[in-house]
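The primary structure of each chain is shown beneath.
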Amino acid sequence: MADTPSSTPPFGTLVTAMVTPFTADGAVDLDATAALASKLVDDGCDGLVVSGTTGETSTLEDSEKEDLYRVVVETVGDRARVIAGTGTNHTSHSVEMARRAERAGAHAQLVVTPYYNKPTQAGVIAHFDAVAAASDLPIMIYDIPGRSAIPITTETMIRLAENPRIGALKDAKADFAAITRVLASTDLDVYSGDDGLTLPWMAAGAVGVVSVSAHVATAGFRALVDAAAAGDFVEARRIHFELDPVIRAVMTHIPGAVSAKHILHLQGVLANAVVRMPLVQADEQELGPILADLAEAGWDLSPAGAHPGAGA
């Protein structure tokens, strides 16, 4: 495992779920990946998820994922936590990806609830326990029933927290009562898995956010997380309101991977906005509401306008 900065929490605090840059012909662009990872860390991220949902993990080959883990570790692994997206709906496949991530030097892994199969909660526990046993990498569980078709119940999460290799939860269930119980009953580091819920989740005790919108507004999210962590909720609320139209632009119109890549391209950070099918690039009609939301935030990303950087 690569060396990591000792002052950083185990999974970071501002964690961007990185897009996977592609070349114009759809190949993984490792040089662009390294450049994006470096920029995100320079601008304030202390953690990066590589090959998560926003990284289009479901259309990446296993060898491509391992290459991505390795290049991000080599680029920023001494400055930020590199969290490998290893979860699949096939337990033995997830075990294999955990081992690949460890081999590539990742610091931790993000493991999603097994999707599509709709296992019982006993099956969910067996799955996570098997992945945890496969390597020494600590696990951040990703609870997102909108994609996995099933939730991880609060009782199951409390049981999983007993596993010493399960250290964190990315919560995208939007259930404040449930996350309150998890925070009160476990020692898990909880992260908001919804950009717009960062403030209330941190007010309840979450340590940060795993964000898509932080690609394009890194400095704003860094300021929000720091203010909330310091208990300055007047300042955190002000930043929350400022970020709201940016979050809407990225997260509410089209898939986040698509919108984030388009905005990064307009900002001059990425050379293109290429995604892999079944995702397709946004057309002009879809881009309209995105640009309108960004204009509400004071950004002009029209061809003749200013191009605020990812730290804006």
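These numbers were taken from a predicted model, which means no experiment stands behind them.

1. As for helix H1 (residues 30-42)
- Here H1 contains 13 residues, and its C-alpha end-to-end distance of 18 Å stays within 8% of the 18 Å for a straight helix at 1.5 Å per residue.
- Taken residue by residue, H1 has Thr33, Ala34, Leu36, Ala37, Leu40 and Val41 as its buried positions. Down the axis of H1, the smallest arc covering the buried residues is 165°, so these residues share one side. Opposite the buried face of H1, at more than 90 degrees from it, the exposed residues are Asp31 and Asp42.
- Residues of H1 that are buried in the fold lie against strand E1 (14-17), strand E2 (47-50), helix H2 (62-76) and helix H9 (218-229).

2. What about the pattern of salt bridges?
- Tallied over the full model, the rule gives 20 salt bridges.
- Through salt bridges with shared partners, a single ionic network connects Glu66, Asp67, Arg70, Glu96, Arg100 and Arg103.

3. Quick look at the packing of aromatic side chains
- Under the counting rule described, the total for this entry stands at 1 aromatic pair.
- The ring of tyrosine 142 is capped by lysine 170, whose NZ or CZ atom sits 3.9 Å from the centre of that ring.

4. So, the UniProt feature "site: Part of a proton relay during catalysis" (unreviewed entry) in the protein
- When the UniProt feature table is mapped to this numbering, "site: Part of a proton relay during catalysis" (unreviewed entry) covers Thr53 and Tyr116.
- Inspection of the secondary structure puts threonine 53 in the loop between E2 and H2.
- In contact with threonine 53, other than residues within four places in its own chain, are Tyr142 and Arg147.
- With respect to the helices and strands, tyrosine 116 occurs in the loop between strand E4 (108-112) and helix H4 (121-133).
- Once you skip the residues sitting within four places of it in the chain, tyrosine 116 turns out to touch Asn89 and Ser148.

5. Brief notes about the pairing of strand E8 (residues 208-211)
- Burial of the side chains of E8 extends over both faces: Gly208 and Val210 are buried on one face and Val209 and Ser211 on the other.
- Bridge analysis of E1 against E8 gives 3 bridges, and the strand direction is parallel. Among the inter-strand pairings, leucine 14 is bridged to a residue of E8, identified as valine 209.
- Sheet analysis places strand E7 (residues 189-192) next to E8, joined by 2 bridges and oriented parallel.

6. Thoughts on the environment of glutamate 284
- Summarising the element assignment, glutamate 284 is placed in helix H12 (residues 284-296).
- Look at glutamate 284 and you get exposed, because its relative accessible area is 67%.
- Sequence spacing of glutamate 284 and asparagine 272 is 12 residues, and the spatial spacing of their C-alpha atoms is 15 Å.

7. Focus: the nonpolar core
- Leu48, Val72, Phe128, Ile141, Phe221 and Leu294 are the most contacted members of the largest nonpolar core, which has 85 residues in total.
- When residues in this core are grouped by element, the largest group, 7 residues, is from helix H10 (residues 233-251).
- Those residues in contact with leucine 294 that sit more than four places away from it in its chain are Val246, Ala249, Ile263, Trp299 and Leu301.
- Judged by nonpolar contacts, the second largest core, of 15 residues, contains Leu110, Met140, Tyr142 and Val210.

Analysis parameters
- Sequence order as written defines the numbering, with residues in each chain counted from 1.
- Local features in a predicted model are, by the rule used here, given only for residues with pLDDT of at least 70; side-chain atom pairs are given and counted only at 80 or more, and totals for whole chains, interfaces and linings are based on all residues.
- Side-chain calculation: all heavy atoms of the structure are included, whereas hydrogens and water are not.
- Strands are runs of DSSP state E lasting at least 2 residues, helices are runs of H or I lasting at least 4, and numbering of each runs from the N terminus.
- In a helix, the anticipated span is given by 1.5 Å times the number of residues less one.
- When accessible area is computed with a 1.4 Å probe and restricted to protein chains, residues below 20% of their type maximum are described as buried, those above 50% as exposed, and intermediate ones as partly exposed.
- What the arc measures is the spread of directions leading from the helix axis to the C-beta atoms.
- By the convention used here, residues are in contact when the closest approach between their heavy atoms is within 4.5 Å.
- Salt bridges are counted wherever a side-chain nitrogen of Lys or Arg sits within 4 Å of a carboxyl oxygen of Asp or Glu.
- Any pair of Phe, Tyr and Trp rings, taking the six-membered ring for Trp, is counted once the centres come within 6.5 Å. Such a pair is stacked with planes under 30 degrees apart, edge-to-face with planes over 60 apart, and tilted for the rest.
- Charge-over-ring contacts are defined here by two conditions on Lys NZ or Arg CZ: a distance within 6 Å of the ring centre and an angle within 35 degrees of the ring normal.
- UniProt positions are given in the numbering used here, feature names are shortened, and annotations may be inferred rather than shown by experiment.
- Strand pairing requires that DSSP identify at least two bridges connecting the strands.
- We call a set of buried residues a nonpolar core when its members are Ala, Val, Leu, Ile, Met, Phe, Trp, Tyr or Cys and they connect through side-chain atoms within 4.5 Å of each other.

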